[in-house]
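Structure at a glance
Letter by letter, the chains look like this.
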Amino acid sequence: MQNHAGQILDGNLSTSIELAVDNLRNDLLIGLPTETVYGLAALASHPKAIAKIFEVKARPTNHPLILHIADYQQLEKWAKNIPQYARNICEHFWPGPLTVILMRSKNVCDEITGKRETVAIRIPNHKVALSLLNSLNDGLVAPSANRFGKVSPTCAKHVVDDLGDDVSLVLDGGICEIGVESTIIDCTSNSPQILRSGGISKSDLEEIGKIEIAQSDGDSRAPGMLEKHYAPICRVELLDSLQQAMHRLNEISAQGLAVEILDFNDDLEMYAKQLYARLRLADDRQIHTVLAVMPSSGGLGDAIRDRLIKACAANYG
Ligand code: TXA
Ligand code: MG
């Protein structure tokens, strides 16, 4: 087998997909583009490779992984006792930025779930990811392809910047269309809960699933949703308006510190798409403080606010 460690390959080429399949079958980890963020992928039926994911990411083993599958029909292979409302939302929103927590079937190994009886599943809406998944007779487990606690990668270069040779190759699928991680909804009971806000809003899920959903921000959040989870090196300060941000900009730059404003004029899609790349860029440029103007809540705004609050909490961690 050729050694492509840390190399970025064009994910649209069939030769790249073939090499990725080959590497995965040899227990190597690959960088996988999705519409949300890039993942660090291993085959779902290869526990040794899955254990490597935790090692490379320095991720505690009790933070379970998301299983990515190729199509809705495969759901039955990996999950059981699936409520009707969960079927409805999956059928409607997949492929897409929706992860459902369901009771796991016997095909799911302990390494994926940290021995939980539940499993997180989604179908990514990305041509390259789907083409790879369709070339496998298996699922792919993939957390975001960053070191534990850092912001997620939204382009192939971010993955190599973070993981270097720990990833055998990265399939380049361009810049992630959405830019923040999937919405996670716990569907293991008849009172579903959102464990992480993401690309799909609570109100859309309620409408399609004909259900009422609780937003969880207590202990029942997705394990791994720590307060200081999405942490750039720079300080992140949260402001309610551009005016306030301008005021702080003057104060901080008067101290001789490098400071910049993050504001997208309430263009939520653009904000989500650029958020992580802008935080990474601020670190590359050794910016001391990023002044983030909070977007309004609702829809993608909830996901962006959630990630910004965590990035800000890291200042004090
Ligand atoms: O958009 C995404 O979801 C990306 C792309 C690559 O698909 N993946 C992602 O994975 O964000 P990760 O590992 O960074 O976040 C997965 C989250 C974690 O907070 C984990 O605790 C939660 O999913 N999770 C996984 N399995 C779970 C389970 N059985 N019960 C509750 N939460 C679970
Ligand atoms: Mg992550």
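Moving on, we come to the side chain of Asp27. Turning to its location among the elements, Asp27 is positioned in the loop between helix H1 (14-25) and strand S2 (30-32). A polar contact is formed between the side chain of Asp27 and the side chain of His46, at a distance of 2.7 Å. Look past the residues within four positions of Asp27 in its chain and what remains in contact with it is His46, Lys48, Ala49 and Lys52.

What follows is about the environment of Asp284. Mapped onto the fold, Asp284 is located in helix H10 (residues 268-284). The spatial distance from the C-alpha of Asp284 to the C-alpha of Ile233 is 9.4 Å, given a sequence separation of 51 residues.

Now for the domain arrangement of the protein. According to the domain assignment, the protein consists of domain 1 (5-215) and domain 2 (235-316). A separation of 27 Å is found between the C-alpha centroids of domain 1 and domain 2. Counting residues at the interface gives 21 residues for domain 1, matched by 12 residues for domain 2. For the domain 1 and domain 2 pair, buried surface summed over both sides reaches about 1,300 Å², with 56% attributable to carbon and sulfur atoms. Counting the surface domain 1 buries against domain 2, the share from its top three residues, Val151, Val180 and Ser197, is 36%. At the junction of domain 1 with domain 2, the criterion picks out three salt bridges. The partner of Asp162 in a salt bridge is Arg280, and the shortest N-O contact between them spans 3.1 Å.

Quick look at helix H9 (residues 242-254) now. Taking 1.5 Å of rise per residue, 13 residues should cover 18 Å, and H9 covers 18 Å from first to last C-alpha, within 8% of that figure. Of the residues one or two after H9, Gly256 is the one with positive phi, at around 80 degrees.

For the rest of this paragraph, the subject is the pairing of strand S10 (residues 183-186). On S10, burial covers both faces: Thr183 and Ile185 on one face and Ile184 and Asp186 on the other are all buried. The sheet contact formed by S10 and strand S11 (residues 193-196) spans three bridges and is antiparallel. By the bridge assignment, Asp186 is partnered in S11 with Gln193. Hairpin remark: S10 followed by S11, antiparallel, with six residues in the connecting loop.

The next point concerns the pairing of strand S15 (residues 289-293). A large share of S15 lies buried, amounting to five of its five residues. Running through H10, the crossover from strand S14 (residues 259-262) to the neighbouring parallel element S15 is right-handed.

As a further point, take the packing of aromatic side chains. How two aromatic rings sit relative to each other is given by the distance of their centres and the angle of their planes. What the rule picks out here adds up to one aromatic pair. Centre to centre, the rings of Phe264 and Tyr271 are 4.8 Å apart; their planes meet at 45 degrees, and the pair counts as tilted. Judged by relative accessible area, which is 1%, Tyr271 ranks as buried.

So, about the side chain of Glu260. Relative to the helices and strands, Glu260 resides in strand S14. Given a relative accessible area of 14%, Glu260 falls into the buried group. Apart from residues lying up to four places away in sequence, Glu260 is in contact with Leu249, Arg278, Ala282, Arg285, Ile287, Thr289, Val290 and Leu291.

Turning our attention to unusual backbone geometry. In this chain, Trp94 is followed by Pro95 through a cis amide linkage whose omega measures -10 degrees. Within the fold, Pro95 resides in the loop between helix H4 (84-93) and strand S6 (98-104). One non-glycine residue with positive phi stands out, namely Asp27, at about 65 degrees. The exposure class of Asp27 is buried, given its relative accessible area of 14%. Positioned with a positive phi, Lys115 is a non-glycine residue whose angle comes to about 70 degrees. As for its position among the elements, Lys115 is in the loop between helix H5 (110-113) and strand S7 (118-122). Look at Lys115 and you get exposed, because its relative accessible area is 64%.

Spatially, the three strands line up as an open sheet ordered S13-S15-S14, and their pairing is parallel. Because the sheet does not close on itself, it has two edges, and the strands there are strand S13 (235-239) and S14. Sheet twist, expressed as the average angle between the axes of neighbouring strands with direction ignored, equals 25 degrees. Along the sheet, H9 contacts S13, S14 and S15; its crossing angle with S14, the most-contacted strand, is approximately 170 degrees.

On to the nonpolar core, then. In terms of nonpolar packing, the biggest core is built from 49 residues, with Trp94, Leu98, Val100, Ile121, Val141 and Leu205 touching the most fellow members. Residues within four places of Trp94 in sequence aside, it is in contact with Ile69, Tyr72, Leu75, Ile89, Val100, Ile121, Arg122 and Ile123. Among the nonpolar cores identified, the runner-up in size contains 24 residues, and Val180, Tyr271, Ile304 and Ala311 belong to it.

Two quantities define a packed helix pair, namely the angle between the axes and the distance from one axis to the other. The geometry of H10 relative to helix H11 (residues 300-313) is characterised by a closest axis approach of 9 Å and an angle of 30 degrees between their N-to-C directions. Put simply, H10 runs roughly parallel to H11. With respect to the hand of their crossing, H10 and H11 are arranged in left-handed fashion. Packed against H10, whose contacting residues are Leu268, Glu269, Tyr271, Ala272, Leu275 and Tyr276, the element H11 presents Leu300, Gly301, Ile304, Arg307 and Leu308 at the interface. Across the contact of H10 with H11, the residue classes tally to eight nonpolar, one polar and two charged.

Rules used throughout
- Just so you know, the residues in each chain are numbered from 1, in the order the chain's sequence is written.
- Ligands are numbered from 1 and chains lettered from A, in the order in which they are written.
- Local features in this predicted model are restricted to residues whose pLDDT is 70 or higher, and side-chain atom pairs enter the listing and the counts only when it is 80 or higher, whereas totals over whole chains, interfaces and linings include all residues.
- Working from all heavy atoms in the structure, the side-chain values ignore hydrogens and water.
- Note on conventions: DSSP H or I runs of at least 4 residues are helices, E runs of at least 2 residues are strands, and numbering of each starts at the N terminus.
- In the analysis that follows, any N or O atom pair within 3.5 Å is treated as a polar contact, provided that within protein one partner can donate a hydrogen and the other can accept it, and provided that, for residues neighboring in sequence, both atoms belong to side chains.
- Throughout, a residue-residue contact means that at least one pair of heavy atoms, one from each residue, lies within 4.5 Å.
- Just so you know, the domain bounds were taken from an automatic or database domain assignment.
- Buried area: the accessible area, evaluated with a 1.4 Å probe, that two parts lose upon being put together, summed over both parts.
- Within this document, salt bridges are pairs made up of a side-chain nitrogen of Lys or Arg and a carboxyl oxygen of Asp or Glu, the two lying within 4 Å of each other.
- A helix is expected to span 1.5 Å for every residue after the first.
- Exposure is judged per residue with a 1.4 Å probe applied to protein chains only, and the accessible area is read against the type maximum: over 50% gives exposed, under 20% gives buried, and values in between give partly exposed.
- Any two strands are treated as partners once DSSP identifies two or more bridges connecting them.
- With the strands pointing away from the viewer, any crossover whose connection runs clockwise from the first strand over the helix to the second is right-handed.
- Only Phe, Tyr and Trp rings are paired, with Trp represented by its six-membered ring, and only when their centres lie within 6.5 Å; those with planes under 30 degrees apart are stacked, over 60 edge-to-face, the remainder tilted.
- Inter-axis angles, ranging from 0 to 180 degrees, are taken between N-to-C directions of lines fitted to C-alpha atoms, where helices are fitted over the stretch in contact.
- Definition used in this section: a nonpolar core is a set of buried Ala, Val, Leu, Ile, Met, Phe, Trp, Tyr and Cys residues joined via side-chain atoms within 4.5 Å.
- For classification, angles of less than 35 degrees are called roughly parallel, those exceeding 145 degrees roughly antiparallel, those between 65 and 115 degrees roughly perpendicular, and all remaining angles oblique.
- Here is the rule for handedness: rotate from the far helix to the near one, and if that takes an anticlockwise turn smaller than a right angle the crossing is left-handed, while a clockwise turn gives right-handed.
- Classification convention: Asp, Glu, Lys, Arg as charged; Ala, Val, Leu, Ile, Met, Phe, Trp, Tyr, Cys, Pro as nonpolar; all other residues, Gly among them, as polar.

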